[in-house]
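Topology and contacts: notes
Each chain, written out:
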Amino acid sequence: MADNVADLVESELAELSQRLTTPEERECLRCYLLRMISEFGCDGSHRWTVRWRDLRAPRAHGLVQRMQRRGGCCCDCEVIFNVFPDYPETDRVLPCAGVVRAGSAVPCDLRSLPRSA
Ligand SMILES: [Zn+2]
Ligand SMILES: [Zn+2]
């Protein structure tokens with residue numbers, strides 16, 4: 001019995017972390033990376049770039065190499081700093097404005113968001 005409960009909790013936790021790390025339908029790569037890094041940190045690899053690609057653009061096989069060529073050579077935070085340096089000055093993570101085509105690695109236009117809050 002106790003084993004079953006433990007299993008249940010474990011699978012619920014796994015499900016929760018799956019859900020928390022799943023990119024939104026139209027979330028762009030940049031906003032996704034920022035969200036993941038601010039919540040879970042960077043582990044020195046491209047794991048979030050790879051996860052976004054696997055879930056949103058599974059056929060973009062060259063995506064990681066493309067990010068590496070553009071300066072994000074070793075890890076996800078370098079992708080943020082070097083590939084997507086054009087981020088509004090803010091001390092919090094902004095909600096993604098959404099990309100037109102799901103799976104597009106082109107960053108959304110955050111400036112088009114209404115300036116509230
Ligand atoms: Zn990093
Ligand atoms: Zn975005």
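What this report covers is the structure whose coordinates are included nearby. (Residues numbered from 1 in each chain as written. Chains lettered and ligands numbered in written order. Predicted model: local features only at pLDDT ≥ 70, side-chain atom pairs only at ≥ 80, totals over all residues. Heavy atoms only, no water.)

When helices and strands are counted, the protein chain shows five helices and zero strands. Reading the helices (α) and strands (β) of the protein chain from amino to carboxyl end gives α-α-α-α-α. By principal-axis analysis of the C-alpha atoms, the protein chain measures approximately 55 × 35 × 25 Å. A total of 117 residues make up the protein chain; the buried ones form 32% of that total. In the protein chain, 55% of the contacts between residues at least 6 apart in sequence involve partners at least 24 apart. For the protein chain, the computed accessible surface area is about 7600 Å², with 53% contributed by carbon and sulfur atoms. Here the protein chain carries 16 positive and 17 negative side-chain charges, and the mean point of each set is 11 Å from the other. (Helix = DSSP H or I, 4+ residues; strand = E, 2+ residues; numbered from the N terminus. Buried < 20%, exposed > 50% of the residue type's maximum accessible area, 1.4 Å probe, protein only. Contact = heavy atoms within 4.5 Å. Areas by Shrake-Rupley, 256 points an atom, 1.4 Å probe, with all protein chains shown as cover. Lys, Arg positive; Asp, Glu negative; His and termini not counted. Charge placed at Lys NZ, Arg CZ, Asp CG, Glu CD.)

Octahedral metal centres with six donors ideally show angles of 90 or 180 degrees, and tetrahedral centres with four donors ideally show 109.5 degrees. Those donors, Cys 28 (SG), Cys 31 (SG), Cys 96 (SG) and Cys 108 (SG), are the protein atoms that reach the zinc ion (ligand 2), and they lie 2.2 to 2.3 Å from it. In this structure, the zinc ion (ligand 2) is coordinated by four donor atoms arranged in tetrahedral fashion, with angles at the metal of 103 to 113°. Of note, the zinc ion (ligand 2) draws all its donor residues from one chain, in the sequence arrangement C-x2-C-x64-C-x11-C. On the criterion of sequence distance, the pair formed by Cys 96 in the segment after helix H5 (76-83) and Cys 108 in the segment after H5 is long-range, its members being 12 residues apart. (Donors = N, O, S within 2.8 Å, 3.2 Å for Na, K, Ca; no water. Tetrahedral: all angles 85-135°; square planar, octahedral: opposite > 155°, others 65-115°.)

Right, let's get into the pattern of salt bridges. Evaluated as defined, the whole model comprises three salt bridges. Taking the shortest distance from any N to any O, the salt bridge between Arg 35 and Glu 27 comes out at 2.8 Å. Looking at Glu 27, the relative accessible area reads 5%, which means it is buried. Among the salt bridges present, the one from Asp 54 reaches Arg 53, with a minimum N-O distance of 3.0 Å. Accessibility expressed as a relative area gives 45% for Asp 54, which makes it partly exposed. (Salt bridge = Lys/Arg side-chain N within 4 Å of Asp/Glu carboxyl O.)

What follows concerns the coordination of the zinc ion (ligand 1). Looking at the zinc ion (ligand 1), one finds its protein donor set to be Cys 42 (SG), Cys 75 (SG) and Cys 77 (SG), positioned 2.2 to 2.3 Å from the metal centre. Along the chain, the residues donating to the zinc ion (ligand 1) fall in the pattern C-x32-C-x1-C.

This brings us to the packing of helix H2 (residues 29-40) against helix H3 (residues 47-56). Packing of H2 against H3 brings their axes to within 10 Å, and their N-to-C directions diverge by 130°. Here H3 runs oblique to H2, going by the angle between their axes. Our pair here, H2 against H3, has a crossing hand that is right-handed. Contacts between H2 and H3 involve Leu 29, Tyr 32, Leu 33, Met 36, Ile 37 and Phe 40 from the former and Arg 47, Trp 48, Thr 49, Arg 51 and Trp 52 from the latter. (Axes fitted to C-alpha atoms, helices over the stretch in contact; angles between N-to-C directions. Parallel < 35°, antiparallel > 145°, perpendicular 65-115°, else oblique. Left-handed = near helix turned anticlockwise from the far one by under 90°.)

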